[in-house]
Each structure stands twice: as structure tokens, then as C-alpha cells.
Amino acid sequence: MIQTKGLTGAQTMLRVLAKMGVEKIFASPGSEWSPVWEALAEPGVEGMPQYLSTRHEEVAVGMASGYAKSTGKLPAVMIHTTVGSLHATMGMRGAIREQVPMVVFSGESIGYGEDEGPDPGGQWLGHLSNIGGPAKLVEQTVKWSFGVNNKAILPATVQRACQLAMAAPKGPTFVSLSMEHLFDKMIKDVAGELGFAPGAPADLSRPPEAQGGSGQPRCRDRLMRSRDGGRSGVLA
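Residue numbers run consecutively from 1 along every chain, following the written order of its sequence. Only residues with pLDDT of at least 70 get local features here, since the model is predicted, and only at 80 or more are side-chain atom pairs given and counted; chain-wide, interface and lining totals rely on the full set of residues. Each side-chain value is worked out from all heavy atoms of the structure, with water and hydrogens disregarded.

## Some points on the nonpolar core
In terms of nonpolar packing, the biggest core is built from 30 residues, with Met 13, Leu 17, Trp 33, Val 36, Met 78, Phe 105 and Leu 177 touching the most fellow members. Strands are runs of DSSP state E lasting at least 2 residues, helices are runs of H or I lasting at least 4, and numbering of each runs from the N terminus. At the level of elements, helix H1 (9–19), strand S1 (24–28), helix H2 (34–40), strand S3 (76–79), strand S4 (102–108), helix H7 (154–166) and strand S6 (172–178) are the ones that each hand at least two residues to this core. At six residues, the largest contribution of residues to this core is made by H7. In this view, Phe 105 contacts Met 13, Leu 17, Trp 33, Ala 76, Val 77, Met 78, Ile 79, Val 158, Val 175 and Leu 177; residues no more than four positions away in its chain are not counted. To form a nonpolar core, buried Ala, Val, Leu, Ile, Met, Phe, Trp, Tyr and Cys residues must be joined to one another through side-chain atoms within 4.5 Å. Remark: exposure states derive from per-residue accessible area (1.4 Å probe, protein chains only) relative to the maximum for the residue type, with buried under 20%, exposed over 50%, and partly exposed in between. Core analysis: the second largest hydrophobic core is formed by 18 residues, Tyr 67, Val 77, Ala 135 and Phe 174 among them. We call two residues contacting when some pair of their heavy atoms lies within 4.5 Å.

Okay, here's the thing in C-alpha cells:
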């Protein structure tokens, strides 16, 4: 279990990413990401991903792509809402064609200051909002695109985005997170640390037969690998 209940959405996002093996965040953010900056600046917090700021969304996605190719690790990307997400679509389209995994987060606002709490500002109503939000804008350029509309599902959604990005065929996934949810306190934990994440290390404390026959990969795992096996010439 990943304990996220009682944490802010920003703290939760960072904790889940770290648990899913994300070590780098490449960012070209807007002001809606201020809760994450605060979470990163908290003293005494260890094991959080390293935050790298860039000047443009395409640069952030390009750096994440190069990092994933060179290390085999899953990177995260943080970008600005709507127009920033559209800037990133060229890089994400390239990533999905090359089967490069990354999990891309866009900020947004689900309100215009009606509720108590931080006022997102009038720019959201006049310039930054689109019907369907950024997740709708980029859905044709990623494996999976989802806009979090309830804080109860935020922790599990971040985990799912990581899982899907690394599942064969690998590629970019996209999640839009509102600043309201990033400030808010979470009400649920994530049920499992790795869940069904493809590529998760085997539990060596379990006997081979419990992991699928005589230590061989389960049929589902073989099938996932065979879908992408032709690229290397080695089939599972």
C-alpha cells in the first residue's frame, strides 16, 4: 500500500511517482503547479524525484524522451495547461510512435474562485479553459489521457498512468490535475505499491509456482512481451 490519505494532492503525486520508480521530473510549468513546488521544498523529505525546469514544453518532453531511451527508466513531465499541452503534443506524438514511456501531467482549474481556498484568477475563465480540458486536447497523441475530476481517485490515477506508460507497447500517458485537487487533502490510499505494473520485479520471497508455473512468466506477461518482441528479434 502507498499511504497517501491525509497528504495534499501535490505530496501524493510526488510520493506515488517515487514509488513507481520515477526519478526525474522534466517541467515547463505554469503557476497552477505551485502546490508541487511547495511539496518539493519541504524539509526532511527524502526519496522524491529530482525536478528539472525547462523553458518550453517541447523541450521538457524531448528531455524526458532522451532520458527514457538512455536509461530505460520512466520519466515524468509537468507542463502548463491547454496551450502548454498543445505545445507538447508534437513531442508526445513522437514518443508514442517510438514507444517511449513517460507520464505527462498538465495543470488545470476546475473552478473560477467560487469555492473557498486559493483563487485561481480570472485568466482561467478568459484564456486558459477549454471544453473537456487539456486531456481532451491531447488524447490523439498519447496512449491514455484522463482528467482527474475527483480527489478520491487522484492517487490511483497517478499510479495507473505510470503502469500504462510502461505496459507494452510502451508510450506516453497523460493526466490533467487541477490546482484545487493539488491543494486538497487526499481521502484514500493506493491499494498496492506496484499493482500490476509491467516490469515490476518479482517477489523473490514467493515460491516459483506461486509466480506462475515453474518460474516461467505467466501467459499474460508473455503475451504483452510478444506484442513488442519483433523489434528486438527475441520472442518470449
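## Section: the confidence of the model for the chain
For the chain, per-residue confidence averages 83 on the pLDDT scale, and residues scoring 70 or more make up 74% of the total. Segment residues 196–209 is flagged for pLDDT under 50; beyond a separation of four residues in sequence, or across chains, it makes 17 contacts in the model. Across the chain, each position has a pLDDT score giving the predictor's confidence in that residue, from 0 to 100. Below pLDDT 50 for its whole length, residues 211–217 participates in 13 contacts with residues either more than four positions away or in separate chains.

## Side note on the sheet that holds strand S2 (residues 50–53)
An order of S2-S1-S3-S4-S6-S5 is seen for the six strands of this open sheet, with the pairing classed as parallel. In this open sheet, the two strands that pair with only one neighbour each are S2 and strand S5 (144–147). On average, adjacent strands in this sheet sit at an angle of 20 degrees to one another, irrespective of strand direction. Pairing between strands is defined by DSSP: at least two bridges between them are needed. Looking at chain direction, S4 and S6 are connected through seven bridges and run parallel. Paired with Val 104 across the strands is Phe 174, a residue of S6. To get an axis, a line is fitted to the C-alpha atoms, and for a helix only the part in contact is used. The angle between two axes follows their N-to-C directions and goes from 0 to 180 degrees. Across the face of the sheet, helix H3 (residues 57–71) comes into contact with S1, S3 and S4 while running at roughly 160 degrees to S1. Lying on the sheet, H7 is in contact with S4, S5 and S6; it crosses S6 at an angle near 165 degrees.

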